[in-house]
Amino acid sequence: MPPGHDRGCSTRGHRDGPKALHVREWTCPVRGSVHDRDHNAAIDVEQAAGPAVTAEARSMRAA
């Protein structure tokens, strides 16, 4: 399996290892929350982009 595929729960951040591409939905073994792979990845991207977007907005206001 290629590296970098979804590995974690966007609800609490639990990491339980790589998943094969055919796994589209999975349940977090810690919290029991059910995740759709694409939706979970979108949440991860949004959370990662948040600090960058905030910093960019600050720098634009200061200009």
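The shown structure was predicted, so the numbers you read here are calculated from the model rather than taken from an experiment.

1. Quick look at the overall build of the chain
Within the chain, the secondary structure is distributed over 1 helix and 2 strands. When the helices and strands of the chain are placed in sequence order, the string is β-β-α. The buried share among the 63 residues of the chain stands at 19%. When contacts within the chain are restricted to residue pairs at least 6 apart in sequence, those whose partners lie at least 24 apart make up 23%.

2. Considerations on the side chain of Arg37
Looking at the element boundaries, Arg37 is found in helix 1 (residues 37-62). Judged by relative accessible area, Arg37 falls into the buried class, the value being 6%. In terms of polar contacts, Arg37 uses its side chain to reach the backbone carbonyl oxygen of Lys19, at 3.4 Å.

3. Some details on the confidence of the model for the chain
In the predicted model, the chain carries a mean pLDDT of 75, and 78% of its residues have values of at least 70. When the elements of the chain are averaged for pLDDT, helix 1 gives the smallest value, 76, and strand 2 (residues 34-36) the largest, 87. For residues 1-6, every residue scores under 50 in pLDDT, and the model assigns this stretch 14 contacts once sequence neighbours within four places are set aside.

4. Topic: the pattern of salt bridges
Pairs may arise between side chains of opposite charge once their charged atoms sit close together. This structure, assessed with the given rule, holds 1 salt bridge. We note a salt bridge from Arg24 to Asp38, for which the minimum N-O separation is 2.8 Å. Separated by 14 residues along the polypeptide, Arg24 in the segment before strand 1 (25-27) and Asp38 in helix 1 bring together distant segments of the chain.

5. Overview of the environment of Arg24
Under the relative-accessibility criterion, Arg24 is labelled partly exposed at 37%. On a C-alpha basis, the gap between Arg24 and His35 in space is 8.4 Å, while along the polypeptide they are 11 residues apart. Not counting chain neighbours up to four residues away, the residues in contact with Arg24 comprise His35, Asp36, Arg37 and Asp38. In this structure the side chain of Arg24 is engaged in a polar contact, spanning 2.8 Å, whose partner is the side chain of Asp38.

Conventions adopted
- Residues numbered from 1 in each chain as written.
- Predicted model: local features only at pLDDT ≥ 70, side-chain atom pairs only at ≥ 80, totals over all residues.
- Heavy atoms only, no water.
- Helix = DSSP H or I, 4+ residues; strand = E, 2+ residues; numbered from the N terminus.
- Buried < 20%, exposed > 50% of the residue type's maximum accessible area, 1.4 Å probe, protein only.
- Contact = heavy atoms within 4.5 Å.
- Polar contact = N/O pair within 3.5 Å; in protein donor to acceptor, adjacent residues only side chain to side chain.
- pLDDT = per-residue confidence, 0-100.
- Salt bridge = Lys/Arg side-chain N within 4 Å of Asp/Glu carboxyl O.

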